[in-house]
Each structure stands twice: as structure tokens, then as C-alpha cells.
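# Notes for the structure review
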Amino acid sequence: MKKKVISVMMAAMLLVSLGGCGKEAQQQAEADGTVQKEASDEGTANGETGGSRICVETNEDLSNLAPSSVQNGGHFRCGSMFYEKLLDYDKDGNIIPSLATSYEVSDDLKLTLHIRENVKFHTGQTLSAKDVLFSLKLANDSANFSRNTKYMDLENAEMPDDYTLIIPLDQKTVFLVDDLAKVEIASEEAYQEDPEHLNNKEAGTGPYYVSDWQVGSSVTVRKFEEYWGDASQEQNVDEIEFKIISEGSQRTIALETGDVQVLYDVPKADITTLQDNTDIDIEGKETDGCYALYFNCTEGKPTSDVRVRQAIAYAIDTPAIAKTAYGDSGVAATTITNRTNIEWEESMGSLEPLYPYNVEKAKELLAEAGYPDGGLELTIITDSAKDGAKDAIQIIQNQLEQVGITLNVELQEGSVFNTAKFDENAWDLQYDFYGMVRTTLAFFNNQFDQRAGSRAFYRDEKMQSMIEEAIPEYDEQKVDALCEYFTEELPAYPMVDVITYYAYKKGIENFNIYTYNVMYPGEFTYTEEYNK
């Protein structure tokens, strides 16, 4: 790979410094009539800085309101309204301060975090270092977030004052800033006082608080009047409703009829229709995500045999899946490296898939693995709400049948899938979306570092050693070596790089997509055309 100068990555490697009443009382005042609620007409936004309300479609609901517990589209999209992190990303992907005003790492690997003062939680408490430490410990106990804290010695952390937290680190890591921009910060007091530990009640510091959650239907957030940030930049509308619409055609109808003003999830079948609609703006963006086929590598599973994994990969025509199942919304993956990663080179796009379609090679490998006549019966699971996933699995099912593999398909609702994918007894194959921020190394760190739980239950001493050696300091040659070994071992098969389309009512401006493919409707501005 060609060497590139990456200022953001260098910032991580050099570890340089970055430079009331609460929501519950606010809600009570509204209930008592002492605070006048704004008009709740859907889609009204007046003037450049908005107005009362905007409705945004999302295809996935929240699983709960607890911090650093779940990683799915619903939580990323809605949760970013009410939970904040220590650091954050700007619209260009650069790290910026958030609840930490700055940080530094000493030569003896002690991380010092300087916590922002005068920040209110929606539940009324004031943010302090103890809340940050508590939130990091919560993340450390989470199956989804422990990878972001695994190198932090939280038990020996020190708080010299209310706004300084010092954490010993077990090792250097190029992912420090990304991890600090991932863990959600919540009030310790609110968490401990709630018998359900915030499963159905949030305690964040964001520009909006959850005012209503109709499970499976909608999540509504309202402007938090005591927000520490710049209201003119982040709170341009008083109320945002996220409407959960899982069926593709219904999303498009909702936008065209004005039931929603923004689509997170444009159905691939409706891209051209929406492009031709003069009342709607639509744009496609390359994302940091890819759809992949995960193989259950648990001992005793047929897919724990690398020959079976390779055979399945050879039996699948990924360009055909990208074209048929995703159309303009996806391109066949030709490498582990994603198009948004710093290692990406344009020439990679013209490469063949990692395992070019070869039915005879697939049959040969299956025979070597003890299945000369096929005869394998496997179960595949996926999230039924993911656009294109159902079509992709149907193609995979048909193609594997050609090599003697019977595939039992389970299309699961999002919350069911997000539980089942971590159950080694629930599947043999799993079709899922993953993201990796900035560098291909993030794929290995997030998905296959055994210290925080390896996706696909893949356990390999050589790969683990390679990951641990690569994490302290970025080295492109080590990333290359990981990619090469991973391609041979194949615990997961990257198949389709995603291009995501977003659509919104004409007249909305300052529409940006941030890291993890989230938008912030509170920063939208509006022209006169919006109110026509």
C-alpha cells in the first residue's frame, strides 16, 4: 500500500492534547402548564433556525435507553441526540473536544482527562469526573463496548478534583481518541437511583432529551433548555421525532406525503423516483461500512473448518449480489479495506473479490473437508430490516445449493438479531453490517481482538498476537500482514461495500453526515422553500 500522511491518525499516535433544574423538572413544568409547549404540527420549521418540529425516518428502534449498551442503527441515530462522549467528530471526521475539554498521556502511560465544567444532565445532576469514571466502567462491563476500554486500568483511576480524571493505561493504542469518542457518559446518581438502570430512561447531557418513546413506533426528543453547547448551532428545532418505518416503500410514501421530512434509509428501488422528485433532495455517500458473511468458528461447527469457510466464499458471486440486492447502494468488496479507510487506493476498486466465484474450487474444498457430495445443512441469520439483506441471503441460498449446501434462513427483527448474533448456538452463518472508522486496523481491533470478545467466536493465537502488536503504534506493514492472514483464515467474508442514500425535503440546508453515519437534525437550517 502507498504511504499516506494522515493528520488525524498522527494526532492519535502522538497523543497530543486537545484543546439547573434538568429535564425532569422541565417536563414537570410542562405538565403543570408553567412552560408553554410549542405547536406540534409535523414538519413545521420557521425561518433559518427552524421552528417547532421535524420528523426523521429510521428503520430501527432503540433496544433500550441505557448508555454504552447496544450498538445498532437505532441507538447511533437517536442516542446521539441525548448522550454525549468525551470527544467527538466534526463533519470532516476530525476529533474535537466534547465533555472532555482536553486530555494528555504521560510517558508512564497515564491518561489525564480534563472534564468540562457546568454541564447539566437531563436528570438534574452536574457532570463530574465520578460520572465519567462510572460511565467508563459501565462500558467495560458491556459486551458491545468493552473493546473501547480494555486497556484502561479503571480500578486504579484517580480523581484529584471534581473535573480531573487520571487513568493508568496498560498499553499505548492508536484508537485512544476513537474510544473516547465512543463511550456514552451518563449520570451515576440517576443510574443508581433507577431500579431499571436506565433501560427505559436516559440520563445524558446532549442537546435533546427523550420526551416520549413509543416502542416499535417512534422516539421523540425535545430541546434541553440547560444544554451547555451552542443552541444556535445544535438546537435549531424544538422537537425531533424519529419514526420507525421498517418497510421500504412506506418510507418513500412517508417522505412524499410529508409525514416525515428526512429519510435515513432510502429504499434502493426508489432512488431514481426520488431523484426525479423536484420537491426532494437526495444524495449518496460512501460509508465506513460493509456487509459481510460471518462464519461461526466455534469448535465442532462445520464452519470452524477453514476449508468449509473458503468453499462457501468461492461458491458466492459477490458482484452479482451487489448488483442484484443493492443496485446503486452497494459495490462488491474487493478487499478488507473500505473505501473510506486511509489505506484505500483507487486501484483496489478494480480488483477481483477476495474469493472469485469458482464453483469447482468450492466443491474441491468441501470434498477435502469431508463433504464430497455436499450434504451440509447450515442456518443463516440476519436483520430483516436491513435493506438488501433479504435479497442477498436469497441469492446466497441459491448459490450454495449448487455446491450441495442447504441453507436454512432466519430473518430476524433487529433486537432479536442483536442478541442472537452473540449466541454461538444460534447460527452457523451470519450476514451483518460492520463499520470501521478511519483505518482497516479498526476492523481487527473491533471485531477480532479476543480480549474484548471475538466476532464469529474466532480464536487464533497468531492473529491475536498480530493484533496486539499492531495496536500500540500505526504501522502499515502490520496492517497489510493482518489483511493477508485474515484473508487466508476467513472468519468473515467482506462482500458488499455500502453506499448510503439520504433524502430530505427541499429547503433543508446544513445537512451533514457524521462518523458512524449519523446526522444531527438540530443543526439543520431552513430556507423559505422549506415552508412552501
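The structure this text deals with has already been given above.
Here we summarise the structure given alongside this text. Throughout this document, residue positions are counted from 1 along each chain, in the order its sequence is written. Residue-level local features of this predicted model are given only where pLDDT is at least 70; pairs of side-chain atoms are given and counted only at 80 or more, and the full residue set underlies all totals for whole chains, interfaces and linings. Hydrogens are left out, water is left out, and the side-chain values use all remaining heavy atoms of the structure.

## Focus on the sheet that holds strand S5 (residues 110-115)
One bridge is not enough; two strands pair if DSSP finds at least two bridges between them. To qualify as a helix, a DSSP run of H or I must reach at least 4 residues; to qualify as a strand, a run of E must reach at least 2; elements of each kind are numbered from the N terminus. Overall, antiparallel pairing links the four strands, which are arranged S4-S5-S7-S6 in an open sheet. Looking at strand neighbours, the two that pair on one side only are strand S4 (100-105) and strand S6 (158-161), the edges of this open sheet. Geometrically, the sheet is characterised by an average inter-axis angle of 20° between neighbouring strands, direction not taken into account. As paired elements, S5 and strand S7 (residues 164-168) share five bridges and run antiparallel to each other. Paired with His 114 across the strands is Thr 164, a residue of S7. With axes taken as lines fitted to C-alpha atoms, and helix axes fitted only over the stretch in contact, angles between N-to-C directions fall between 0 and 180 degrees.

## Let's talk about the environment of Pro 494
Mapping Pro 494 onto the fold places it in strand S17 (residues 492-505). Taking the C-alpha atoms as reference points, Pro 494 and Gly 289, 205 residues apart in sequence, are found 10.0 Å from one another. Two residues qualify as a contact provided that any one of their heavy atoms is within 4.5 Å of a heavy atom in the partner residue. Setting aside its immediate chain neighbours within four residues, Pro 494 contacts Cys 290, Tyr 291, Ala 292, Ala 333, Thr 335, Ile 336, Leu 354, Tyr 434 and Phe 486.

## Here we look at the nonpolar core
For the purposes of this section, nonpolar cores are sets of buried Ala, Val, Leu, Ile, Met, Phe, Trp, Tyr and Cys residues that join through side-chain atoms within 4.5 Å. Think of it in three bands: residues with accessible area under 20% of the maximum for their type are buried, residues over 50% are exposed, and the middle band is partly exposed, with areas taken using a 1.4 Å probe on protein chains only. Residues Leu 293, Ile 312, Ile 321, Leu 400, Leu 429, Tyr 431 and Met 495 are the most contacted members of the largest nonpolar core, which totals 39 residues. If you look at the next biggest cluster of nonpolar residues, it comprises 38 residues, including Leu 198, Trp 213, Tyr 504 and Phe 524.

## Details of the pattern of salt bridges
For this document, the term salt bridge refers to a Lys or Arg side-chain nitrogen within 4 Å of an Asp or Glu carboxyl oxygen. Following the criterion strictly, the structure yields 24 salt bridges and no others. Note that Arg 251 is salt-bridged to Glu 57, the shortest N-O span being 3.7 Å. One end of the pair, Arg 251, is in helix H8 (residues 248-257); the other, Glu 57, is in strand S1 (residues 53-58), and 194 residues separate them in sequence. The class for Glu 57 is buried, based on a relative accessible area of 0%. Across the pair Arg 455 and Asp 432 runs a salt bridge, and its minimum N-O distance is 3.3 Å. Of this pair, Arg 455 sits in the loop between helix H15 (441-448) and helix H16 (461-470) while Asp 432 sits in strand S16 (residues 429-435), placing them 23 residues apart in sequence.

## Considering helix H11 (residues 318-326)
Every buried residue of H11 is accounted for by Thr 318, Ile 321, Ala 322, Ala 325 and Tyr 326. Buried residues of H11, viewed axially, fall in a sector of 100°; they line one side. Projecting away from the buried face of H11 at angles above 90 degrees are the exposed residues Lys 323 and Thr 324. Those residues of H11 hidden inside the fold are in contact with strand S12 (280-295), strand S13 (330-332), helix H13 (389-401), S16 and S17. Remark: Gly 327 follows H11 within two positions and exhibits a positive phi of approximately 55°. Picture the helix axis, draw a direction to every C-beta atom, and the arc is the one those directions span.

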